[in-house]
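# Summary of structural features
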Amino acid sequence: QVQVVQSGGGLVQPGGSLRLSCAASGTVFRLYTVAWYRQAPGEQRELVAIITSGGSPNYIDSVKGRFTISRDNAKNTAYLQMNSLRPEDTAVYYCKVVHYSLESWGQGTQVTVSS
């Protein structure tokens, strides 16, 4: 079982920035696909960004140009850099790591964008 621990998040004003971190256990982190999801109150969880083991990123349209997903395999950590934040980005953000058929989720972290 892969352990996933998230950090970062918090309260930020519109237009501000935050960085989320996702640290995973194991010795084959470089082989994991890592994804960031978010869930706003009353909404379904949605995929925000994903990065493959090869480092290829993909994003949903609403965050393209504002969010950047990255990974540091030497640190077993992936990141979600969020810039130009908007109130509609407010949600609990979750990290998921995938290795073949195994999925492991982080504990979630609250991101609130408000003035």
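Keep in mind that what you see is a predicted model, and the values were worked out from it rather than measured. (Residues numbered from 1 in each chain as written. Predicted model: local features only at pLDDT ≥ 70, side-chain atom pairs only at ≥ 80, totals over all residues. Heavy atoms only, no water.)

## Regarding the overall build of the protein
How we decide: Numbered from the N terminus, helices here are DSSP runs of H or I no shorter than four residues, and strands are runs of E no shorter than two. Each residue is placed in one exposure class: buried if its accessible area under a 1.4 Å probe, protein chains only, is under 20% of its type's maximum, exposed if it is over 50%, and partly exposed if it falls in between. Contacts were defined at the residue level, with two residues in contact if any of their heavy atoms lie within 4.5 Å. All accessible-area figures derive from a Shrake-Rupley calculation using a 1.4 Å probe, and residue coverage is judged against the displayed protein chains alone. Under this rule, positive means Lys or Arg and negative means Asp or Glu; His and the chain ends count for nothing. Working definition for charges: the position is that of NZ of Lys, CZ of Arg, CG of Asp or CD of Glu.
Counting its secondary structure elements, the protein contains zero helices and eleven strands. Within the protein, the proportion of its 115 residues that are buried is 40%. Restricting to contacts in the protein with at least 6 residues of sequence separation, those with at least 24 account for 52%. Put simply, the protein shows about 6100 Å² of open surface, and 48% of that area lies on carbon and sulfur atoms. When the 10 positive and 7 negative side-chain charges of the protein are each reduced to one mean point, those points stand 8 Å apart.

## A look at the sheet that holds strand β8 (residues 77-82)
Filter applied, for reference: Only when DSSP finds a minimum of two bridges between them are two strands counted as paired. To obtain an axis, a line is fitted to C-alpha atoms, over the contacting stretch when the element is a helix, and the angle between two such axes runs from 0 to 180 degrees between their N-to-C directions.
Taking strand neighbours across the sheet as the criterion, the four strands line up as β1-β3-β8-β7 in an open arrangement whose pairing is antiparallel. What marks the edges here is a single partner per strand, and that holds for β1 (4-7) and β7 (67-72). Taken over all neighbouring pairs, the strand axes of this sheet differ in orientation by 15 degrees on average, direction set aside. Pairing analysis gives four bridges linking β1 to strand β3 (residues 18-24), with the strands arranged antiparallel. Within β3, the position partnered with serine 7 by the bridge is serine 21.

## A short note on the pattern of salt bridges
As a reminder of what qualifies: The term salt bridge refers to a pairing of a side-chain nitrogen on Lys or Arg with a carboxyl oxygen on Asp or Glu at a separation within 4 Å.
Scanning all chains against the criterion turns up five salt bridges. The salt bridge partner of lysine 64 is aspartate 61, with a shortest N-O separation of 3.1 Å. On the accessibility criterion, lysine 64 (48% relative accessible area) is partly exposed. The class of aspartate 61 is exposed, set by a relative accessible area of 62%. The partner of aspartate 89 in a salt bridge is arginine 66, and the shortest N-O contact between them spans 2.7 Å. Here arginine 66 lies in the loop between β6 (57-59) and β7 and aspartate 89 lies in the loop between β8 and β9 (91-99), a separation of 23 residues in the sequence. The two residues aspartate 89 and arginine 66 agree in class, both being buried. Salt bridges linked by common partners bring Arg38, Glu46, Arg66 and Asp89 together as one network.

## A word on the environment of valine 113
Relative to the elements of secondary structure, valine 113 occurs in strand β11 (residues 109-113). Sequence-wise, valine 113 and leucine 85 are 28 residues apart; in three dimensions their C-alpha atoms are separated by 6.7 Å. Beyond its immediate stretch of four places on either side in the chain, valine 113 contacts Val12, Gln13, Pro14, Leu85, Arg86, Pro87, Asp89 and Thr90.

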